[in-house]
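Observations on chain architecture
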Amino acid sequence: MSEAHLPATGSIKVVKPKKAAKLVEQVARDTEDPRVETSRLLIALDIDGTLILEDESLSPGVVDAVEHAHRAGHEVMVATGRSWEGTRGILRVLGIAPEFAVCSNGAVVLKRIEGDELLYERWHVETFDPREVLQQLRDHLPDARYMVELADGQRLYTEPLADWNLTRARRVTFEELGAQPVCRVVVVSPDQGEQDFVELVSRIGLHHVSYAVGWTAWLDIAPLGVDKSTGLERVRTALGIDPAHVLVMGDGRNDVGMFRWALDHGGRAVAMAQGPQEVRDAAGETTTSVQAGGVAEVLRRL
């Protein structure tokens, strides 16, 4: 690295924060020596509570950290419960166009179409018949809000909710939700607390599906045996990356499956500090919170 970037040996030079950040970035660039062989990692990042905060702002330092990981030769992608409609914009803000994206908690895997940075096709889709589970839930949660995602990506919902991205979604009756196979069901009960909702869902006893309860009274339902790990295993195989060369990061109950998948194959699973205790227990390690830049802290060390 050129000595022009640094003050004279033994001296201290105080600079403005912006200049200091540029200096740190220059040091990082200079240490990324292409002559040093590193194992290519598949890095899968959850979005909500991991890459972004509740107000949709980015976790501190995450854009630069993702760029750093890319320059080091790693494949950085997202593995999220969001539909593709809610995922595309996050990739744009991060400045990445990974070959694959795992959406809808593993039920949908998208593949980038060669030649267009953010044009993707639905490469693998899992579906199930939602009628039985929808009726079970409605019997216990008549006032909840319901949404389903169809195989082609279209979303149908009963009542709007401020947290939902309803771009190109269509409002329908409850009966219409189960008229055809779906890859995902979302149920939100705004009037219930998280723990009460967890206990209620446990008592209902949902069968023949996979499900995870979110931070609030939010339930994500996927086809039986499907979670983020099943989508990621398809991606890992397609990319030819060694099972031990996997790093996954997340904060929610829907991340536990990919944590176990990574650890079972000798990879790394990192939980965010603000996640529930059961999620942190399932991970191999814990980083700082999303507010404190936990993802950036891990990626910068690669």
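Quick caveat, the model's predicted, so the values are computed rather than measured. (Residues numbered from 1 in each chain as written. Predicted model: local features only at pLDDT ≥ 70, side-chain atom pairs only at ≥ 80, totals over all residues. Heavy atoms only, no water.)

The backbone of serine 104 sits at a positive phi, close to 50 degrees, despite the residue not being glycine. Tracing the backbone through its elements, the reader meets serine 104 in the loop between β3 (100-103) and β4 (108-112). The phi dihedral of asparagine 105 falls on the positive side, at around 55 degrees, and the residue is not glycine. Looking at the element boundaries, asparagine 105 is found in the loop between β3 and β4. The buried category is assigned to asparagine 105, whose relative accessible area is 8%. (Helix = DSSP H or I, 4+ residues; strand = E, 2+ residues; numbered from the N terminus. Buried < 20%, exposed > 50% of the residue type's maximum accessible area, 1.4 Å probe, protein only.)

With that settled, consider the side chain of arginine 253. The topology assignment puts arginine 253 in the loop between β12 (246-250) and α8 (256-264). Within the local environment of arginine 253, its side chain forms a polar contact with the side chain of glutamate 278, the two groups lying 3.4 Å apart. Excluding residues within four positions of it along the chain, arginine 253 makes contact with Glu194, Val198, Ala212, Val213, Gly214, Pro276, Glu278 and Val279. (Polar contact = N/O pair within 3.5 Å; in protein donor to acceptor, adjacent residues only side chain to side chain. Contact = heavy atoms within 4.5 Å.)

A word on helix α2 (residues 62-71). Within the sequence span of α2, burial applies to Val62, Ala65, Val66, His68 and Ala69. For α2, the buried positions fall inside an angular range of 155 degrees around the axis, keeping them on one side. With its phi angle positive at about 95 degrees, glycine 73 sits one or two positions after the end of α2. (Arc of directions from axis to C-beta.)

Judged by nonpolar contacts, the single largest core of 37 residues is most densely connected at Ile43, Leu45, Leu51, Met249, Val295 and Leu299. Those elements giving two or more residues to this core turn out to be β1 (42-45), α2, β2 (75-78), α3 (88-94), β3, β4, β12 and α10 (294-299). Once residues lying within four places of it in the same chain are set aside, the contact partners of valine 295 are Leu45, Thr50, Leu51, Val62, Met249 and Met272. Listed in part, the 26 residues of the second largest apolar core include Leu141, Val185, Val187 and Val213. (Core = buried A, V, L, I, M, F, W, Y, C linked by side-chain atoms within 4.5 Å.)

Purely geometric numbers; function is a separate question.
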